[in-house]
Amino acid sequence: MDDSPTDNRSPENPSGKSVLAELSTPIYGLFILGILYTLYLAHQIILPIVLAVLTSLLLSPLVKKAYLNWRLPKVVSSLVLVLVVLAGIVGIGAAVATPALEWAQKAPEGISRLLVGDSEIMRQLDKVSQSAEQVEKSVDELSENNQSKPTTVVLQTESWRSQLMSKARNGVAGLALALALTYFLLVSGDRLIFNFVKQLPRPQRKTVLRITHDSQQQIAQYLAVLGLSNLSVGVLTGLICWAIGLPDPAMWGLIAGLARFIPYLGNMLTIALLAVVSAITLDTLWMMAIAPLSFILLTTIVGFFLEPWIHGFRMAINPVIIFVSIFFWGWLWGPVGVLLAVPLMTVIQVVLKQIPRLRPVYKVIAR
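I will try to describe carefully the structure that is included in this document. Because the structure is predicted, anything quoted here is derived from the model rather than measured.

## Some points on the overall build of the protein chain
A tally of helices and strands in the protein chain yields 14 helices and zero strands. For the protein chain, the sequential pattern of α-helices and β-strands runs α-α-α-α-α-α-α-α-α-α-α-α-α-α. Across the 367 residues of the protein chain, 29% fall into the buried class. Taking the contacts inside the protein chain whose residues are at least 6 apart along the sequence as the reference set, 71% of them involve residues at least 24 apart.

In structure tokens:
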């Protein structure tokens, strides 16, 4: 018998490639689409797991230091850290919720008072609206003469309050699951990684451990630097709002600091909120411009000068990729996905950089 390798060349396939090799790219594409569909469909389960993994990567070094320095058991230190995180979430929610609800009630009245006036712009807007009403009446008269009156169908939908309560219940359940899983990952996550690494071939063990270590280090660096800079921006913004006489200056400072965790979009949202609140509350134009312009100045100084100087870490990913990832994760998982976009891109960056076959992708998305 002839044991020589089979020659796959033929007039239809002169290169000798197998059918499986030709189908590899479509199969990979279908696999990626399947993963995306699973992430979207099972977001109520996957999202708490992702939150728990990222939180455990951030807090795991603290648990290790507590054990090495003070011999504090992981069970105790992990429970303390999880309770601190829970207290912080509850405290921030309580500090923002009450003033935000009050402003939500005052906003329509303030905006209507801002728009009502005897200016030339308002007179032109009134003329445009009157012309539009006349055109609409003429069209309605013509349609009534040409055809019978259509039947009105009323669809009963769930009220926005019930929808909000349903989303709040799902959010609380997801948060409880994420915190519980974070606790167990802090206590037994190292053992789980160790058992997983033992099952891998020896050359791949160092790669997995290096990815885990670098992910912990870079996420901790990113959040530490961003937390300090956001705290300074929030405090200064609150002081500026207090100095110019805006109500609830502590809430606006807190919102300004928290919103900066969302790159680009958070800053734009804060500027818009400060501009609207200043326009509703204050009288003169130059006073209305102080709060938003001051926030722009603070964000520029901190983002371009202080953050790189305080710490050498900066996301080595092209800003276009970061901006697209914010929209992608926001579409996939909603507001929580927007918050997780940059930490997830940090982990993805580490994985792409450490695996040789994926390093070309890292070089493409790098800054």
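## So, a nonpolar patch on the surface
Taken together, W70, L72, V75, V76, V80 and V84 make up a surface patch of nonpolar side chains, about 560 Å² in accessible area. The biggest single contributor to the nonpolar patch is helix α4 (residues 74–115), with four residues. Within the secondary structure layout, V76 lies in helix α4.

## Here's the deal with the pattern of salt bridges
According to the stated counting rule, one finds one salt bridge in the structure shown. We note a salt bridge from D190 to K74, for which the minimum N-O separation is 3.2 Å. One end of the pair, D190, is in helix α6 (residues 160–198); the other, K74, is in helix α4, with 116 residues separating them in the sequence. Judged by its relative accessible area of 29%, D190 is partly exposed. Assessed through its relative accessible area of 27%, K74 is described here as partly exposed.

## A few points about helix α7 (residues 202–244)
Its 43 residues give α7 an end-to-end C-alpha distance of 63 Å, which sits within 8% of 63 Å, the value for a rise of 1.5 Å per residue. Positioned one or two residues after α7, G245 has a phi angle of 95°, which is positive.

## Quick look at the nonpolar core
A general feature of soluble globular proteins is that nonpolar side chains tend to end up buried together. Counting 23 residues, the largest nonpolar core has V50, L54, W329, W333, L340 and L344 as its most contacted members. Contributing elements (two or more residues each) for this core: α3 (43–70), α7, α12 (319–333) and α13 (335–354). Counting residues per element, this core draws most heavily on α13, which supplies seven residues. Discounting chain neighbours no more than four positions away, the residues touching V50 are W333, L340 and L344.

## As for the packing of helix α8 (residues 249–259) against helix α9 (residues 265–281)
Between two packed helices, what matters for the description is the angle formed by their axes and the separation of those axes. Contact geometry of α8 with α9 gives a least axis separation of 8 Å together with a crossing angle of 160°. By the angle between their axes, α8 is roughly antiparallel relative to α9. The segment α8 lies against α9, with W252, I255, A256 and A259 engaging G266, N267, T270, L273, L274 and V277. For the contact of α8 with α9, the residue count by class is seven nonpolar, three polar and no charged.

## Examining the packing of aromatic side chains
Describing an aromatic ring pair means giving the distance of the ring centres and the angle of the ring planes. Across all of its chains, the model carries six aromatic pairs by this definition. Both rings, one in W329 and one in W333, keep their centres 5.1 Å apart while their planes meet at 40°; by these two values the pair is tilted. Of the two residues, W329 and W333 are both situated in helix α12; the distance of four residues between them amounts to about one turn of the helix. When its relative accessible area of 8% is taken as the criterion, W333 is described as buried. Grouped by ring-pair contacts, the aromatic residues Y40, F328, W329, W331 and W333 constitute a single cluster. The ring centre of Y67 lies 5.2 Å from the NZ or CZ of R71, which sits over that ring.

## Things to note about the side chain of T237
Mapped onto the elements, T237 comes out in helix α7. Reaching out from T237, the side chain makes a polar contact with the backbone oxygen of V233 at a distance of 2.7 Å.

## Topic: the side chain of S56
Position of S56 among the secondary structure elements: in helix α3. If sequence neighbours within four positions are ignored, S56 has contacts with T182, L185 and L186.

## Quick word on α12
The terminal C-alpha atoms of α12, which comprises 15 residues, lie 21 Å apart, in line with the 21 Å expected from a rise of 1.5 Å per residue. Of all the positions in α12, only I322, S325, I326, W329, G330, L332 and W333 are classed as buried. The arc that holds the buried residues of α12, viewed along the axis, is 160°, so those residues lie on one side. Away from its buried face, by an angle of more than 90 degrees, α12 presents the exposed residues V320, V324 and W331.

Cut-off values and rules
Residues numbered from 1 in each chain as written. Predicted model: local features only at pLDDT ≥ 70, side-chain atom pairs only at ≥ 80, totals over all residues. Heavy atoms only, no water. Helix = DSSP H or I, 4+ residues; strand = E, 2+ residues; numbered from the N terminus. Buried < 20%, exposed > 50% of the residue type's maximum accessible area, 1.4 Å probe, protein only. Contact = heavy atoms within 4.5 Å. Patch = residues over 30% accessible without salt bridge, like charges linked within 9 Å, V, L, I, M, F, W, Y side chains within 5 Å. Areas by Shrake-Rupley, 256 points an atom, 1.4 Å probe, with all protein chains shown as cover. Salt bridge = Lys/Arg side-chain N within 4 Å of Asp/Glu carboxyl O. Expected span 1.5 Å × (residues − 1). Core = buried A, V, L, I, M, F, W, Y, C linked by side-chain atoms within 4.5 Å. Axes fitted to C-alpha atoms, helices over the stretch in contact; angles between N-to-C directions. Parallel < 35°, antiparallel > 145°, perpendicular 65-115°, else oblique. Nonpolar A, V, L, I, M, F, W, Y, C, P; charged D, E, K, R; others polar. Phe/Tyr/Trp six-rings, centres within 6.5 Å; stacked < 30°, edge-to-face > 60°. Lys NZ or Arg CZ within 6 Å of the ring centre and 35° of its normal. Polar contact = N/O pair within 3.5 Å; in protein donor to acceptor, adjacent residues only side chain to side chain. Arc of directions from axis to C-beta.

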